[in-house]
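# Topology and contacts: notes
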Amino acid sequence: MKPGVFISFEGIDGAGKSSHIDRLAQALRDAGRELVRTREPGGTPLAEKLRELLLHESMDALTEVLLAFAARRDHLRLVIAPALARGAVVLCDRFTDATFAYQGAGRGFDLGVLSQMERLAQTHIAENPDLMLEPDLTLWFDLPPAVAAARLSAARAPDRFEAQPLAFFGRVAQGYADRAAAAPARFVRIDAAQPREQVGAQVLAAVAARGWIAEAAGG
Ligand code: TMP
């Protein structure tokens with residue numbers, strides 16, 4: 001059986017991940033892979049309830065962190081780990097890098113404590129209990145916060161994070177840049193300011209470079 005593949009998608013609100021996740025999902029299905037498209041916070045009945053609380057109830061940064069990791073552990077145990085064990089490709093809209101970017105860089109929560117919680121929440125799940133489950137590849141949609149904010153303002157009513165001031169998103173963007181610099185083998189930066197077609201091509205190229213789909217015809 002083909003080994004499972006875990007791909008996460010990250011970026012500040014308004015960076016435009018969703019349509020590109022759909023497009024990549026289709027390319028992977030066309031390549032004959034079992035596909036699981038999911039999101040964080042969320043992906044299980046419990047985690048979706050925690051998502052509602054996180055996005056809409058007032059709370060401090062530690063409570064946000066605890067809810068995000070509780071949701072993540074449930075999601076890993078019930079959905080992601082079983083899918084990887086079956087050999088599926090998991091496409092996850094946000095994962096732990098979002099906690100480092102939003103709660104860590106954005107809210108100022110201690111990054112060392114986040115690393116400890118990452119290990120606690122993401123081990124003792126796979127057959128090897130010491131294995132920390134994390135994405136094989138993270139596609140980071142990088143877009144200047146002012147551009148992302150302009151895209152968002154036309155959209156739906158903002159949740160607690162989308163309603164944050166521009167300075168917050170500046171810190172979150174820097175948080176992502178720091179995570180990418182610390183794990184260059186896992187991260188691929190997608191220039192989300194490019195026209196949509198070019199962004200899509202960059203996403204497909206990053207996955208093709210790992211051998212998970214064939215090179216797109218015509219580049
Ligand atoms: P979404 O609307 O793109 O699905 O993202 C949900 C929001 O939750 C988004 O503003 C980022 C935020 N978030 C955190 O603050 N911490 C986390 O750990 C995750 C996964 C998301």
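Look a little higher up for the structure.
Since we're looking at a predicted model, the values are computed, not measured. Within each chain, residues carry numbers counting from 1 in the order of the written sequence. Per-residue local features are limited, in this predicted model, to residues with pLDDT of at least 70; the limit for side-chain atom pairs, both in listing and counting, is 80 or more; totals at the level of whole chains, interfaces and linings are taken over all residues. Only hydrogens and water are set aside; all other atoms, that is, all heavy atoms of the structure, feed into the side-chain values.

### Some points on the nonpolar core
A general tendency of soluble globular proteins is for nonpolar side chains to be buried together. Among buried residues, those of type Ala, Val, Leu, Ile, Met, Phe, Trp, Tyr and Cys that are joined through side-chain atoms within 4.5 Å constitute a nonpolar core. Exposure is judged per residue with a 1.4 Å probe applied to protein chains only, and the accessible area is read against the type maximum: over 50% gives exposed, under 20% gives buried, and values in between give partly exposed. In terms of nonpolar packing, the biggest core is built from 48 residues, with Ile7, Leu24, Leu91, Tyr102, Leu139, Phe141 and Val207 touching the most fellow members. Here Ile7 is in contact with Val89, Val90, Leu91, Cys92, Leu137, Leu139, Val207 and Trp212, once residues within four sequence places are set aside. Among the nonpolar cores identified, the runner-up in size contains 13 residues, and Val36, Ala83, Leu84 and Phe95 belong to it. Contacts are assigned to residue pairs with any non-hydrogen atoms lying within 4.5 Å of each other.

### Regarding the pattern of salt bridges
Salt bridge criterion: a side-chain nitrogen from Lys or Arg within 4 Å of a carboxyl oxygen from Asp or Glu. Using the criterion set out here, one finds 14 salt bridges in the structure. Here Arg160 makes a salt bridge to Glu64, at a shortest N to O gap of 2.8 Å. Within this pair, whereas Arg160 is found in the loop between helix H6 (145-153) and helix H7 (166-182), its partner Glu64 is found in helix H3 (residues 61-86), the two being separated by 96 residues in sequence. Since its relative accessible area comes to 0%, Glu64 is described here as buried. Where Arg189 meets Asp142, a salt bridge forms, and the shortest distance between an N and an O atom there is 2.7 Å. In this pair, Arg189 is assigned in strand E5 (residues 187-191) and Asp142 in strand E4 (residues 137-142), connecting sequence segments 47 residues apart. Looking at Arg189, the relative accessible area reads 43%, which means it is partly exposed. On the accessibility criterion, Asp142 (19% relative accessible area) is buried. Look at the salt bridges and you will find they share partners, linking Asp97, Glu118, Arg179 and Arg186 into a network. Only DSSP runs of H or I with at least four residues qualify as helices, and only runs of E with at least two residues qualify as strands; both kinds are numbered from the N terminus onward.

Just distances and angles here, no functional claims.
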